[in-house]
Amino acid sequence: MHLIKFGGSVITHKGRELTLRRKVLQRLCRELRAAKGEMVLVHGAGSFGHTKAKRYGLKKGIKKGYSPIRAAQVQWDVRDLDQEVLKAGLDVGLPFTSIPPYPILRMHNRKVKVFDPKPFEIALKEGLVPVTFGDVVLDGKQRVAICSGDDLMVHLAKYFRPERAIFVTVEDGVYDRPPSEKGAQFIEVLSPKKKVRSGSSGVADVTGDIGKKVDSMREMSRFGVETLVINGLESGRLRRVLQGKETLCTRMPAEGK
Ligand code: IP8
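Keep in mind that this is a model prediction, so the values were computed, not measured.

Scoring rules and cut-offs
Residues numbered from 1 in each chain as written. Predicted model: local features only at pLDDT ≥ 70, side-chain atom pairs only at ≥ 80, totals over all residues. Heavy atoms only, no water. Helix = DSSP H or I, 4+ residues; strand = E, 2+ residues; numbered from the N terminus. Rg over C-alpha atoms; globule rule 2.2 N^0.38 Å. Buried < 20%, exposed > 50% of the residue type's maximum accessible area, 1.4 Å probe, protein only. Contact = heavy atoms within 4.5 Å. Areas by Shrake-Rupley, 256 points an atom, 1.4 Å probe, with all protein chains shown as cover. Lys, Arg positive; Asp, Glu negative; His and termini not counted. Charge placed at Lys NZ, Arg CZ, Asp CG, Glu CD. Salt bridge = Lys/Arg side-chain N within 4 Å of Asp/Glu carboxyl O. Pairing = 2+ DSSP bridges. Axes fitted to C-alpha atoms, helices over the stretch in contact; angles between N-to-C directions.

### Points about the overall build of the protein
Then, number 1: Helices and strands together make up the secondary structure of the protein, namely eight helices and 13 strands.
Then, number 2: The C-alpha atoms of the protein give 17 Å as radius of gyration, which agrees with the globular expectation for 257 residues (18 Å, within 12%).
Then, number 3: By principal-axis analysis of the C-alpha atoms, the protein measures approximately 55 × 45 × 35 Å.
Then, number 4: The 257 residues of the protein split such that 54% are buried.
Then, number 5: Summarising the internal contacts of the protein: among those between residues at least 6 apart in sequence, 74% fall at separations of at least 24.
Then, number 6: Here the protein displays about 12300 Å² of accessible surface, and carbon together with sulfur accounts for 49% of that area.
Then, number 7: Charged side chains of the protein number 47 positive and 29 negative; the gap between the two group centres comes to 4 Å.

The structure is reproduced here in structure tokens:
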């Protein structure tokens, strides 16, 4: 099985609210067709989620006296993006079916406490390609919280144990410090023990930066899943990876392999 995440920065213009990168999304969906066997797709929220979520302070839940309408508005926007992803997949013959995290996942103090993978299993059995996404979910401590696509990648990987999990981003891979900084070194093989210094990209992001992604990769490595970070703005890289061919990327091997 292939577990793939389209990062929100790749499929949307992160600095421009509610703006899709339609051409990139369509191309990535065409490249996905190279995948043999089962596949689960996760996508980030990009400018359909982060901008309002930050404006409304949803990371810390719904404060006393605030209306839950703000959480519902962000959910609405993220679903709009999900519809675009589904359409782009259907247009190239991929049987995408949406599985929003809200009904199947609960958090407590921003940590995932309940995750039901059954709907994914059933969809896969029917030959469908489940698509899920970073979203606003219920949280036992703070009423609502933001569940990122990276959190979903970890929980899906833990349950399905794919041979590989692929993060499609706007960078060639992972660097030892923000790639905009002088002297940044590209890391081809990232050891789970390696520390990576992250920095702010300057655009609204309520779920964290590369440091948080590396933490997710580390967790996946621990239970035996190799992870790759590739650049989705470069045409053909996703296809090559899915075909098992060499391409520029960062790879974190599964622990002990
Ligand atoms: O873009 C964030 O998901 P991510 C979800 O995968 C929202 O981090 C609603 C901002």
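### Brief notes about the pattern of salt bridges
Then, number 1: Taken as a whole and assessed by the stated rule, the structure comprises 17 salt bridges.
Then, number 2: Among the salt bridges present, the one from Arg79 reaches Asp135, with a minimum N-O distance of 3.0 Å. Here Arg79 is found in helix H4 (residues 69–91), whereas its partner Asp135 is found in strand S7 (residues 135–139), with 56 residues between them in sequence.
Then, number 3: Accessibility expressed as a relative area gives 27% for Arg79, which makes it partly exposed.
Then, number 4: For Asp135, a relative accessible area of 3% puts it in the buried group.
Then, number 5: Of the charged contacts, one joins Glu181 and Arg197 as a salt bridge, the two residues approaching to 2.8 Å between their closest N and O atoms. One end of the pair, Glu181, is in the loop between strand S10 (174–175) and strand S11 (186–187); the other, Arg197, is in the loop between S11 and helix H7 (210–222), and 16 residues separate them in sequence.

### Here's the deal with the sheet that holds strand S13 (residues 250–252)
For sheets, the rule is that strands pair by backbone hydrogen bonds, running either parallel or antiparallel.
Then, number 1: Across the sheet, which stays open at both edges, the seven strands sit in the order S3-S6-S2-S1-S9-S12-S13 with mixed pairing between neighbours. The open sheet has two edge strands, strand S3 (96–98) and S13, and neither has a second partner. Sheet twist, expressed as the average angle between the axes of neighbouring strands with direction ignored, equals 20 degrees.
Then, number 2: Looking at chain direction, strand S1 (residues 2–6) and strand S2 (residues 39–43) are connected through five bridges and run parallel. Bridge pairing in S2 places Ile4 opposite Leu41.
Then, number 3: Here helix H2 (residues 22–32) sits on the sheet and contacts S1, S2, S3 and strand S9 (164–169); the angle it forms with S1, its principal contact strand, is near 175 degrees.
Then, number 4: Contacting S1, S9, strand S12 (226–231) and S13, H7 runs over the sheet at an angle of about 170 degrees to S9.

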